[in-house]
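# Examination of the molecular architecture
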Amino acid sequence: MLRTVLIAASLTALTACVEVQQVVDDTARQGSKGVVTEILATRFPQVPKQLITPFTDCIIDNADALELRELARAAVVGVEDTTTGTVRTILSRPETRSCLLAAAPAAGMTL
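Residues numbered from 1 in each chain as written. Predicted model: local features only at pLDDT ≥ 70, side-chain atom pairs only at ≥ 80, totals over all residues. Heavy atoms only, no water.

Identification of the chain as Succinate dehydrogenase from Sulfitobacter indolifex HEL-45 is taken from an unreviewed UniProt entry.

Have a look at this one:
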């Protein structure tokens, strides 16, 4: 009986941790979106205006946890060259490129 209660309590605590982690992740993603949008608009002039939002989504979706942290930090302290480098790194991934190629037709454009 005691074992069942401990297992149930552990599962409840674990579920709460997962929910908290999801909230933190969502917050970092939201904060990062503004930074990525700014970087695309100011440092990547070749990106058409109509594609900035879909490209931002592709970059955020393909960033790892450390990259998201770097982008979210830039939302507070400002964009630096390292932040732009982070975006370039994410853009260079095959998964990001595939996402960008799919995003363009959805926005009524071709790449």
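Moving on from the coordinates now.
## Thoughts on the state of the cysteines
Tallying each qualifying case throughout the model produces 1 disulfide. In this model, Cys58 is linked to Cys99 through a disulfide, with the two sulfur atoms separated by 2.0 Å. Disulfide Cys58-Cys99: the torsion about the S-S bond is -80 degrees, which places it as left-handed. Linking Cys58 in helix H2 (residues 52-61) with Cys99 in helix H5 (residues 94-106), this pair joins segments that are 41 residues apart in sequence. Residue classification places Cys58 among the buried positions, given a relative accessible area of 2%. (Disulfide = S-S within 2.5 Å. Helix = DSSP H or I, 4+ residues; strand = E, 2+ residues; numbered from the N terminus. Buried < 20%, exposed > 50% of the residue type's maximum accessible area, 1.4 Å probe, protein only.)

## Topic: the packing of helix H3 (residues 65-77) against helix H4 (residues 81-91)
How two helices pack is summed up by the angle between their axes together with the distance between the axes. Two elements in contact, H3 and H4, have axes whose closest approach is 10 Å; the angle formed by their N-to-C orientations is 145 degrees. Crossing hand, H3 versus H4: left-handed. Between H3 and H4, the contacting residues are Glu67, Glu70, Leu71 and Ala74 on the first element and Thr82, Thr83, Thr86, Val87, Thr89 and Ile90 on the second. The residue makeup of the contact of H3 with H4, split by class, is 4 nonpolar, 4 polar and 2 charged. (Axes fitted to C-alpha atoms, helices over the stretch in contact; angles between N-to-C directions. Left-handed = near helix turned anticlockwise from the far one by under 90°. Contact = heavy atoms within 4.5 Å. Nonpolar A, V, L, I, M, F, W, Y, C, P; charged D, E, K, R; others polar.)

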